Amino acid sequence: MNYWLLKSEPDVFGIDDLADAPQRRTAWDGVRNYQARNFMREMRRGDEAFFYHSSCARPGIVGRMRIAREAYPDPTQFDPDDPHFDPRSRSDAPRWSAVDVEFTERFAETITLPRLREEPELAEMLILRRGNRLSVTPLTDTQWQAVLALAEAS
DNA sequence: GCCAACGTTGGC
DNA sequence: GCCAACGTTGGC
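Novice: What am I meant to see in the nonpolar core here?
Specialist: Nonpolar side chains in soluble globular proteins tend to be buried together. Ranked by internal contacts, the top residues of the largest apolar core, which has 21 residues, are Leu6, Trp28, Met43, Met65, Val101 and Val136. Those elements that place two or more of their residues in this core are β1 (3-8), α2 (15-20), α3 (34-42), β3 (48-53), β4 (60-73) and β5 (97-112). Not counting residues up to four positions away in its chain, the partners in contact with Leu6 are Trp28, Met43, Ala49, Phe50, Phe51, Tyr52, Met65, Val101, Ser135 and Val136. Counting 19 residues, the second largest nonpolar core, distinct from the first, contains Ile61, Ile111, Leu116 and Ile127.

Novice: Even after reading the chapter, I still don't get the packing of aromatic side chains, so can you show me in this structure?
Specialist: Within a pair of aromatic rings, the relevant descriptors are the distance that separates the centres and the angle that separates the planes. In total, this model carries six aromatic pairs according to the counting rule given. Ring centres 3.8 Å apart and planes at 20° place the aromatic pair Phe50 and Trp144 in the stacked group. Of this pair, Phe50 sits in strand β3 while Trp144 sits in helix α5 (residues 141-153); the two residues are 94 residues apart in sequence, bridging distant segments of the chain. By relative accessible area, Phe50 is classed as buried at 0%. For Trp144, a relative accessible area of 1% puts it in the buried group. Members of the aromatic cluster, each reached through a chain of ring pairs, are Tyr3, Phe50, Phe107 and Trp144. The ring of Tyr72 is capped by Arg69, whose NZ or CZ atom sits 3.6 Å from the centre of that ring.

Novice: Explain the protein's contact with DNA strand B to me, please; I cannot follow it from the model alone.
Specialist: In the region of DNA strand B, the neighbouring residues are Lys7, Tyr52, Ser54, Ser55, Pro59, Leu113 and Arg133. In the model, a phosphate oxygen of DNA strand B is placed 2.8 Å from a nitrogen or oxygen of the Lys7 side chain. In this structure, a phosphate oxygen belonging to DNA strand B sits 2.9 Å away from a main-chain N or O atom of Ser55.

The rules behind each value
- Residues numbered from 1 in each chain as written.
- Chains lettered and ligands numbered in written order.
- Predicted model: local features only at pLDDT ≥ 70, side-chain atom pairs only at ≥ 80, totals over all residues.
- Heavy atoms only, no water.
- Core = buried A, V, L, I, M, F, W, Y, C linked by side-chain atoms within 4.5 Å.
- Buried < 20%, exposed > 50% of the residue type's maximum accessible area, 1.4 Å probe, protein only.
- Helix = DSSP H or I, 4+ residues; strand = E, 2+ residues; numbered from the N terminus.
- Contact = heavy atoms within 4.5 Å.
- Phe/Tyr/Trp six-rings, centres within 6.5 Å; stacked < 30°, edge-to-face > 60°.
- Lys NZ or Arg CZ within 6 Å of the ring centre and 35° of its normal.
- Near = heavy atom within 4 Å.
- Polar contact = N/O pair within 3.5 Å; in protein donor to acceptor, adjacent residues only side chain to side chain.

The following block contains the structure:
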């Protein structure tokens, strides 16, 4: 079992959108960073992930979800009308991957960025490291449990 | 292969 | 809206 953290801007797609989606499930697509893509390719069905709201009034972790389908070619890379269209990606050698995720839980309170930074066990969490902007990052078991404990305490 | 220019991310 | 940090692009 692996643990992940996925960022999304709530104005574009937030955890409520996931909770309201058909089967409470959606494609996590549009990722256009190689390191993030490589992490997505490591994801296995059943892995768990936190949902992080970025670029908003209260950035932080708002809930969790489960990987429902492992990496497959991201359809948006071939769609000229999609903002994530990549004209240099070829259908016989897709450059970008998507996974499907399934809603698990919305936390009662957002675990805010400053709150996460207060937690000694999370000091090494990748999104807290200076300058790290990756939208897909792995978490250790310890980090996963520490965040869950914060969620339950709120 | 170097590196300057540019675009993007994302917190504040 | 600002700006630091980072990734990508493309000329050489």
